[in-house]
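Analysis of the macromolecular model
The chain contents come next:
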Protein chains: 2
Amino acid sequence: MEPVIRPRTYAQALERLRRIGLRPTRQRLALAKLLFEQGDRHVTAEQLHEEAEAAKVRVSLATVYNSLHQFTQLGLLREVVVEPGRSYFDTNTSDHHHFFFEDEAKLMDIPGDRVEVTRLPTPPAGTTLRRVDVILRVGGRLK
Amino acid sequence: MEPVIRPRTYAQALERLRRIGLRPTRQRLALAKLLFEQGDRHVTAEQLHEEAEAAKVRVSLATVYNSLHQFTQLGLLREVVVEPGRSYFDTNTSDHHHFFFEDEAKLMDIPGDRVEVTRLPTPPAGTTLRRVDVILRVGGRLK
DNA sequence: ATAGCTGCAAATGCTTTGCAAGGCC
DNA sequence: GGCCTTGCAAAGCATTTGCAGCTAT
């Protein structure tokens, strides 16, 4: 098994795209840059689309969705579902959990080793555990 | 603080509605009956609407949504978000967690004392922990 | 050249809303 | 009767899709 390197830079993302066989097109590269060049992020498609426009990159919202899903399938992103009707994409694909600030609809990472989930029940026969999501729903305003 | 009684029967639901000041209308009572008279359930609005129709109760989907949200606000239901674009409503409002079978889009309760989440980080200043959701995402078919 | 992408706009799926008509107290 | 509810249809969002035109290799 090849070690999974988390792309932190444009160069790594490009390399990653090539290796996997996704054409490094202008829009994919631009999106990868926005996503992976500024540490861990949680973005919605809409947000990323706005960022792209602000950065003078012409990308349609449909392409943003396509790219986010492609990146997710390739393991570059992780989709986090906390609200009905909106998906967040997390650039941190390592094992970890989330705070969700309900009043401001924002996510924050919690290091995987900071929360311990024990005494997990065994999945029913015929099924396999794919992922454990822990969401700490928080209220009140962040200062 | 008045003890919270989980409505398990039509009568209890009716009583509960009255006590809270929601008029026990035909449709609310019918929905309460469907929801609370058969043990713990996880339903979507669409499902409940179909059940109501099958039971020859005329209810519009809009009213199903309204009722589900009202019941949720009153603490009779708990909303569970596991998939983008669809909400599940859980008649079990006690402290517990969930298996989510991704291939069949179904939820299953895990008793609260069966999973232990320890070493929870403290919420950031100015915020309060409202709820802890643990979702065990499972793949493969149930037998 | 050509297989794969992109953009646009239309379609979809879930959910919410506006408002007239209806029903509980 | 009065006020809360309902129902319907229309509106609202986030997301997906179909397809003609573009582009990286």
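Residues numbered from 1 in each chain as written. Chains lettered and ligands numbered in written order. Predicted model: local features only at pLDDT ≥ 70, side-chain atom pairs only at ≥ 80, totals over all residues. Heavy atoms only, no water.

Here chain A averages 88 in pLDDT, and 93% of its residues register 70 or above. No element of chain A has a lower mean pLDDT than helix 1 (residues 10-20) of chain A, which averages 77, and none a higher one than strand 1 (residues 42-43) of chain A, which averages 97. (pLDDT = per-residue confidence, 0-100. Helix = DSSP H or I, 4+ residues; strand = E, 2+ residues; numbered from the N terminus.)

Here the focus is the protein's contact with DNA strand D. The local shell around DNA strand D holds 20 residues, among which Tyr 65, His 69 and Gly 85 of chain A together with Gln 27 and Arg 28 of chain B are the closest. Taking His 69 of chain A, its side chain carries an N or O atom lying 3.4 Å from a phosphate oxygen of DNA strand D. Gln 27 of chain B has a polar side-chain atom sitting 2.6 Å from a sugar or linking oxygen of DNA strand D. Taken together, the elements giving at least two residues each to the surface near DNA strand D come down to helix 4 (61-73) and strand 3 (86-90) of chain A together with helix 2 (26-36) and helix 4 (61-73) of chain B. Sorting elements by how many residues they give to the surface near DNA strand D places helix 4 of chain A first, with four residues. Here the surface near DNA strand D is composed, by residue class, of seven nonpolar, seven polar and six charged. (Near = heavy atom within 4 Å. Polar contact = N/O pair within 3.5 Å; in protein donor to acceptor, adjacent residues only side chain to side chain. Nonpolar A, V, L, I, M, F, W, Y, C, P; charged D, E, K, R; others polar.)

Tallying the contact residues gives 44 residues for chain B and 44 residues for chain A. Regarding the contact of chain B and chain A, the summed buried area is about 3,600 Å², with carbon and sulfur atoms giving 53% of it. Considering only the side of chain B, the residues that lose the most area to chain A are Arg 119, Arg 130 and Arg 137 of chain B, jointly responsible for 17% of the buried surface there. Seen at the junction of chain B and chain A, the total is eight salt bridges. With a shortest N-O distance of 3.5 Å, Asp 103 of chain A and Arg 130 of chain B are connected by a salt bridge. Remark: the boundary between chain B and chain A carries 20 residue pairs in polar contact (both at pLDDT 80 or more). Counting residues per element, the ones that place at least two in the side of chain B that touches chain A are strand 2 (78-83), strand 4 (96-101), strand 5 (106-111), strand 6 (116-118) and strand 7 (128-139) of chain B. The dominant element in the side of chain B that touches chain A, judged by the number of residues it contributes, is strand 7 of chain B, at 12 residues. Here the residues of the side of chain B that touches chain A sort into 21 nonpolar, nine polar and 14 charged. (Contact = heavy atoms within 4.5 Å. Buried area = accessible area lost by both parts, 1.4 Å probe. Salt bridge = Lys/Arg side-chain N within 4 Å of Asp/Glu carboxyl O.)

Close contacts around DNA strand C come from 21 residues, with Thr 25 and Gln 27 of chain A together with Tyr 65, His 69 and Gly 85 of chain B the closest. For DNA strand C, the backbone portion of the atoms within 4 Å of the protein, that is sugar and phosphate, comes to 75%. Contact distances for DNA strand C include 2.6 Å between a phosphate oxygen and a side-chain N or O atom of Thr 25 of chain A. At 3.4 Å, a side-chain N or O of His 69 of chain B approaches a phosphate oxygen of DNA strand C. Going through the elements one at a time, helix 2 (26-36) and helix 4 of chain A together with helix 4 and strand 3 (86-90) of chain B are the ones with two or more residues in the surface near DNA strand C. Looking at which element gives the most residues to the surface near DNA strand C, the answer is helix 4 of chain B, with five residues. Residues belonging to the surface near DNA strand C are distributed by class as follows: seven nonpolar, eight polar and six charged.

Residue and element names in this part refer to chain B. Here helix 4 is 13 residues long and its end C-alpha atoms lie 18 Å apart, about the 18 Å a rise of 1.5 Å per residue gives. Taken as a whole, helix 4 has its buried residues at Val 64, Ser 67, Leu 68 and Phe 71. Projected onto a plane normal to the axis of helix 4, the buried residues spread over an arc of 100° and lie on a single side. A positive backbone phi angle near 85° is found at Gly 75, which sits one or two residues after helix 4. (Expected span 1.5 Å × (residues − 1). Buried < 20%, exposed > 50% of the residue type's maximum accessible area, 1.4 Å probe, protein only. Arc of directions from axis to C-beta.)

Below, the discussion takes up unusual backbone geometry. Phi is positive for Ala 105 of chain A, which is not a glycine, with a value near 50°. Its identity is not glycine, yet Arg 119 of chain B carries a phi of approximately 55°, on the positive side. Here Arg 119 of chain B lies in the loop between strand 6 and strand 7.

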